[in-house]
Every structure is written in C-alpha cells, then in structure tokens.
Amino acid sequence: PSSDCVVAEQLCLSDSTCNATYRTLENCALAKTRFLSLDHDSRVRCLNAELDLGNSSLLHCKCHRRMKRQEHCLRIFWTVHSSMTDAENNCESPLPSTVEHWKTDYNKLAALVSGKNCSQLAGDTTNACLTATHICNLSKKCFRLRTDYASICTKGAGSEDVCDRRKCHRGLRNFFEKVPEDFTKRILFCPCQDEFCGERRRKTIVPHCSFQYNTKPNCLWLLDSCLEDHICKSRLADFQQNCQPVDMSPDGCSLHNHAACLQAYMGMIGTPMTPNYVSNSSVEVSLWCTCENSGNQKEKCDQILGMFESNKCL
C-alpha cells in the first residue's frame, strides 16, 4: 500500500541525506509556486534532487481521501514532484484510486422517511432530490454539515454584499469529505423527471456563491487559480486520471471505473474549478467560464472546458 506522505516526510527528515535533498526540493517548489525563473543549473539541481530520492517512500507516497492534515500531505506530494510535472498535465494523482463502498444506512433511512420499503421508494415519482435531502436530515452529521455550508454560501444573497466564496468552498469540501458518500452521492446525483427536481439538484451547491461570478472568467484563469492551490491541483490530477474518456469502453472511461470518475468529479466541488449542472432540465455539467478572447491558447482553453462539457466518461 502507498505510504502516507506525512509519515514519509517524518522518516525523511530524520535522515540527514534525505533531509538535505528534501530541503532542496522545497526551494524548487517554492520557486515554481512564485513563478520565479530558474537558470539551467538550478533546474538540473532540482531534477537531480528528485531523482536522488530513488525508491524512498517519499517518492511513492500518497494522500488518502478524508485524511487528517490533508492539505499538508498534498503540499509534501507536490514538493517531491515539483520538477517532474508541468502545469497542464500533472503527473499521477496524489490520491489512490479507490472507491468507498456505499453503506447500508441509506436503505434504513429511506424506509423511515418514506414509510415504504426500498423497492417502493425506488419507483416513487416524487421529487428524488427532495427525498435525498430529507434522508440527509435524519443523519446528524449530514444535516449539520449541509446546514453549515448552506448558511455560509447564502450570506450576502439578495444584497449588494458578495458572498465569501473561499469559505463557501471550504464548507462544501467539508460536506463532501466528511459525510458518508451514501448521502452525498444521492443528493448530488439524484435522478429527476421534472424541472422542479432539476432545479433543486442544480442548486445543491448554492451556485450563486460557489459556482457563478458576475461575468464568466476565461477558463485559463480558472486553471491558473486551481494550479496555485494544492487541494485543487491534486483533485484536478485525480479527475484527469479517473475521467479519461475512451470511445470503445463500455462506460466511456479508460480505467473502466465510472464510479471513480464520479468520485473525482465530487472532489472538484469546493475548488476554484467547481463544476455544476448547466440547467434544470438536463444532466449536462460545465465549468463557469468561457474560451472567448483566448487568443492563441484557444485550443488549450477548449480542452479544459471539454473535460466537463463533452466527456463521455463523466
């Protein structure tokens, strides 16, 4: 199993040779974060430091979903891989490709809230997204964390005040990270037959704060904002790895694991590249950005937008 980067860092710092190599990589990563240009010798030194780690646990460590000190762990991962990665095509995802099994709690709660057995509930024509919300409310953790982000993300709504998008994103990440996926997946991916249900699904993430700006920014700006953030950068790498579309695959995914793609999609919510449903009447999703005025980077911009708008795997 992949070692924890936090543990791997502690082991490295206790060894004088590894410690010195790691400190060199920290300086390399800092220069890259600040967009400082390095001369040829410095670039070689950074690459050699990365290669010097050899087969150490630090070079092969991962950061597990829902772990404590996740941001610190991700900083370590990108420090170690700083010179081998480029901005648009990040190396391997720092998150292991595992999908948690849905727990059975949902079925018990579904029966409670509906007064029916599960087979009857599955064929119910009521608002599926509303039902999923009611079921969330029966779980103390789901209700509390959903209320938390809804409260943060709706502050300033209907007035001249602008919501605190950073806090809103943090609240959304808390919800999707800490609440069992049994609840979060059903709230986000609830099946709808009418626009009232679709509207509730689209508004799950309070889009006026978490998703929309007054005007659509360029998608390249969204990408730059994401790559400056360890969490977003990591989740984008995870999304690119698990949502690679392939025409010949039964589920449209290169890894033949559609569930892993949906999990990676959920990971993007609460980051600068937060996606959402585009309307109340479809399941199409997109980023809130445009590729107009992209100049000679139009193709690159279209690729970023296309990862969400025309991705067969997603």
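See above for the structure.
Just so you know, these numbers come straight off a predicted model, no measurement behind them. All residue numbers here refer to positions counted from 1 along the written sequence of the relevant chain. For a predicted model such as this one, the threshold for reporting local features is a pLDDT of at least 70, and the threshold for listing and counting side-chain atom pairs is 80 or more; totals across whole chains, interfaces and linings nevertheless cover every residue. In computing side-chain values, all of the structure's heavy atoms are included and hydrogens and water are not.

K.L.:
Even after reading the chapter, I still don't get the state of the cysteines, so can you show me in this structure?
P.N.:
Disulfide: a covalent bond connecting the sulfur atoms of a pair of cysteines. The definition used for a disulfide is geometric: two cysteine sulfur atoms within 2.5 Å. For the structure on display, the rule yields 14 disulfides. With its sulfur 1.9 Å from that of its partner, Cys 129 forms a disulfide with Cys 190. The sign of the S-S torsion, about 90°, decides the handedness of the disulfide formed by Cys 129 and Cys 190: right-handed. Here Cys 129 is found in helix H7 (residues 128–137), whereas its partner Cys 190 is found in the loop between helix H10 (181–188) and helix H11 (195–202), with 61 residues between them in sequence. Throughout this description, buried means an accessible area under 20% of the type-specific maximum (1.4 Å probe, protein chains only), exposed means over 50%, and partly exposed covers the range between. Residue class for Cys 190 comes out buried when judged on its relative accessible area of 2%. Paired by a disulfide, Cys 192 and Cys 197 hold their sulfur atoms 2.1 Å apart. Given an S-S torsion of about -65°, the disulfide between Cys 192 and Cys 197 has left-handed geometry. For helices the rule is a DSSP run of H or I covering at least 4 residues; for strands it is a run of E covering at least 2, with both sets numbered from the N terminus onward.

K.L.:
Just checking my understanding: could you explain the packing of helix H8 (residues 140–153) against helix H9 (residues 165–178) for this structure?
P.N.:
Helix-helix packing is characterised by the crossing angle of the two axes and by the distance between the axes. For every element, the axis is a line fit to its C-alpha atoms; helices are fit only across the contacting stretch, and the angle between N-to-C directions ranges from 0 to 180 degrees. Running from amino to carboxyl end, H8 crosses H9 at an angle of 165°, the nearest separation of the two axes being 8 Å. Judged by the angle between their axes, H8 and H9 are roughly antiparallel. At the point where H8 passes H9, the crossing takes the left-handed sense. Of the residues in H9, those in contact with Lys 141, Cys 142, Leu 145, Arg 146, Tyr 149, Ile 152 and Cys 153 of H8 are Lys 167, Cys 168, Gly 171, Leu 172, Asn 174, Phe 175 and Lys 178. Angle categories are assigned with fixed cut-offs, so that under 35 degrees is roughly parallel, over 145 is roughly antiparallel, 65 to 115 is roughly perpendicular, and the rest are oblique. Here is the rule for handedness: rotate from the far helix to the near one, and if that takes an anticlockwise turn smaller than a right angle the crossing is left-handed, while a clockwise turn gives right-handed. Contacts are residue-level and defined by heavy atoms, with any inter-residue pair within 4.5 Å sufficient.

K.L.:
Help me understand empty space enclosed by the protein in this model?
P.N.:
Which parts of space are left empty comes out when a probe the size of a water molecule is rolled across the atoms. Think of a 1 Å grid over just the protein atoms. A cavity is a set of points where a 1.4 Å probe fits yet cannot get out, a pocket is an open set with protein on both sides within 12 Å along at least five of seven lines, and lining residues have an atom within 4 Å of a point. Grid points are joined across faces, edges and corners, and a volume is the space filled by probe spheres set on the points. This structure, assessed with the given rule, holds two cavities of 30 Å³ or more. Size it by volume and the largest cavity reaches roughly 230 Å³. For the lining of the largest cavity, the elements supplying multiple residues, two or more each, are helix H4 (70–80), H9, helix H14 (230–242) and helix H15 (258–268). Here the lining of the largest cavity gets four residues from one element, more than from any other, and that element is H15. Broken down by class, the residue content of the lining of the largest cavity amounts to five nonpolar, four polar and seven charged. There is about 40 Å³ of room inside the second largest cavity. Every residue along the wall of the second largest cavity is listed here: His 169, Ser 210, Phe 211, Tyr 213, Leu 222, Thr 271, Pro 272, Thr 274 and Trp 288. Marked domain ranges trace back to an automatic or database domain assignment. Residue-level mapping places the lining of the second largest cavity at the junction of two domains, with at least three residues from each of domain 2 (105–117 + 125–212) and domain 3 (213–313). Residues are sorted three ways: Asp, Glu, Lys and Arg are charged, Ala, Val, Leu, Ile, Met, Phe, Trp, Tyr, Cys and Pro are nonpolar, and all the rest, Gly among them, are polar.

K.L.:
Which parts of the structure should I look at to understand the nonpolar core?
P.N.:
As a rule of thumb, nonpolar side chains are buried together in soluble globular proteins. We call a set of buried residues a nonpolar core when its members are Ala, Val, Leu, Ile, Met, Phe, Trp, Tyr or Cys and they connect through side-chain atoms within 4.5 Å of each other. Formed by 50 residues in total, the largest nonpolar core has its most connected members in Phe 175, Leu 236, Phe 239, Met 273, Leu 287 and Ile 304. Residue contributions to this core peak at six residues, all from helix H13 (residues 219–227). Residues from two domains meet in this core; each of domain 2 (105–117 + 125–212) and domain 3 (213–313) gives at least three. In this structure, Met 273 is in contact with Leu 222, Leu 223, Cys 226, Cys 232, Leu 236, Met 268, Leu 287, Ile 304, Met 307 and Phe 308, ignoring residues within four places of it in sequence. With 22 residues, the next largest nonpolar core counts Cys 5, Leu 25, Leu 58 and Leu 74 among its residues.

Everything listed here is a matter of geometry and, on its own, says nothing about what the molecule does.
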